[in-house]
Amino acid sequence: MLSKNCFLISNRRIANFYTYIMIILLFVLPLVSARLTPNNKNETIALRNRRIEQLILERILGENYDTRIRPAGKPSNNSQIKADGPCEVEVNMMVRSITRIDDVKMEYSTQLTFREFWSDSRLVYTEQMRKHRISNNSIEYIALTEPGRVWLPDLFFRNEKKGRFHKIILPNVLLRIYPNGRVTYSVRISLILFCPMQLHFFPLDIQTCTINMTSYGYTDKDIHFGWKKGQPNKVVQLPPKLYLPRFSLIKYSTARCDVKTNTGTYSCIVLSFVFKREFSYYLFLIYVPCSMLVIVSWVSFWIDPNSSAARVLLGVLSLLTMSRQISGINASLPPVSYTKAVDVWTECCLIFVFTALLEFAVVNYVSRSDAHRAGNRRRARPTMIGARKKYDSGKDSGIDSSDVEEGAIGFARSLGTKPLHRHATKLPKKKKPKRSFYNWWVSRFTTRAKKIDVTSRILFPVLFAIFNAFYWTKYLFREDLAELV
């Protein structure tokens, strides 16, 4: 009986043991399997990589790294020179916007994403990655948020007037260090740059604005700037739609512009933008109003010459409005010592308006002169009547009427002596010259003032059309525009 009880107790213990094992397996195995899932494994690897990046930064940016010393360049080809060559710095940029081109201050504003690339052998960390058994796919580069901890090229913009960094929300700066020591530095900046302009053909002009970049303290023996190699289409990136208020970007180009000063020769690169001014804005702002003022001044040719007040008022108002238009145009442009295309247009229009006013002065003078002559004729008419009476009384004195020649001269001579020959030979009559259409048309008007007015109605528009033909031919078909087409 005792043995039977012992057997039962042992069976219960075994059953309880298996029960405990099953409970442990049910609760522990899911937890273990959860910790061994791929996601958690990747998280563990990522945390390990970040820890290794920290160790690498502490190693390469430790006490042995000095930001005041430039990176070593390629060895010199000259065997006599033991020093290394200059540090090669490549540049590319993305033009985010060009917001303003000021003709008066001769400057333009732009926003850039500026990038520099160079190699620093002190920042190579391939050995550390090999030591920690990290592949290049795991750590492609190390991003650094403190660019001041590494050496940076001392590049500056030669034609900069004002500039600023963007710090919202954080400073817009990027710095990447690759395992082979290659460094990428990118920063977002806004610049106001000086742009010397030639306004000879304004507003039909083409302007070239540049961005000049060079080193401030390092000569070409220490730093050599160049445009990014292997990416001809990505050296300068432009937005798909670059909006400019009064200009259009025709093309851009890159080149070198090394500078030689008293302190040495400095490596320099330049980016040039070629802008063409949009003419439609100035067509409706300058050319159409000036043409309308010139045409309005011609209205006085159809006003009666006796209406002096109306003609003078129209001419003076047209002249003052034209002068005001010229002042407004010049106020929006810098004072230059040469003649611009718009100056030729406005001054010629002013001459046409002023000449129309002078034409009325001539017409008024001629009209008064004709009136004065007509008055003299009226005063001379009684004298001619008295001479006729004397002629009639001469018949009683023995003067034969057949001896009197026809016309006013013969009538006057008849009052004197008789001609020596009774039967004088008559000269053949001269043929009247053929008159031109213009002379025939002008002869329809009796007064000289009216003839001047009707002539001006044709002459002024014809001269203005000829001026337009010469003006637009000269400025629209010049060589620099033909090269861009």
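The preceding data block contains the structure.
This write-up is about the structure you can find in this document. (Residues numbered from 1 in each chain as written. Predicted model: local features only at pLDDT ≥ 70, side-chain atom pairs only at ≥ 80, totals over all residues. Heavy atoms only, no water.)

**A word on the packing of helix α4 (residues 279–297) against helix α5 (residues 308–331)**
Viewed as axis vectors pointing N to C, α4 and α5 meet at an angle of 165°, and their least axial separation amounts to 9 Å. Comparing the axis directions of α4 and α5 gives the class roughly antiparallel. Note that α4 runs across α5; the crossing there is left-handed. Residue-level inspection shows Leu285, Ile286, Pro289, Cys290, Leu293, Val296 and Ser297 of α4 in contact with α5, the latter providing Leu314, Ser318, Thr321, Met322, Gln325 and Ile329. Along the lines of polarity and charge, the residues of the contact of α4 with α5 split into nine nonpolar, four polar and no charged. (Axes fitted to C-alpha atoms, helices over the stretch in contact; angles between N-to-C directions. Helix = DSSP H or I, 4+ residues; strand = E, 2+ residues; numbered from the N terminus. Parallel < 35°, antiparallel > 145°, perpendicular 65-115°, else oblique. Left-handed = near helix turned anticlockwise from the far one by under 90°. Contact = heavy atoms within 4.5 Å. Nonpolar A, V, L, I, M, F, W, Y, C, P; charged D, E, K, R; others polar.)

**With respect to the packing of α4 against helix α9 (residues 448–476)**
In contact at an axis separation of 13 Å, α4 and α9 are set at 160° when each is read in the N-to-C sense. When the axis of α4 is compared with that of α9, the two are roughly antiparallel. Of the two elements, α4 crosses α9, and the hand of that crossing is right-handed. For the pair formed by α4 and α9, the contact residues are Phe279, Tyr287, Ser291 and Val294 on the first element and Phe464, Tyr471 and Trp472 on the second. Considered class by class, the residues forming the contact of α4 with α9 number six nonpolar, one polar and no charged.

**Digging into the environment of proline 86**
Tracing the chain through its elements places proline 86 in the loop between α2 (38–60) and β1 (87–102). A residue is classified by how much of its surface remains accessible, and proline 86, at 23% relative accessible area, is partly exposed. As for proline 86 and glycine 73, which are separated by 13 residues in sequence, their C-alpha atoms are 4.9 Å apart. In this structure, proline 86 is in contact with Arg70, Gly73, Lys74, Asp220, Lys221, Asp222, Ile223 and His224, ignoring residues within four places of it in sequence. (Buried < 20%, exposed > 50% of the residue type's maximum accessible area, 1.4 Å probe, protein only.)

Honestly, it's all geometry; don't read function into it.
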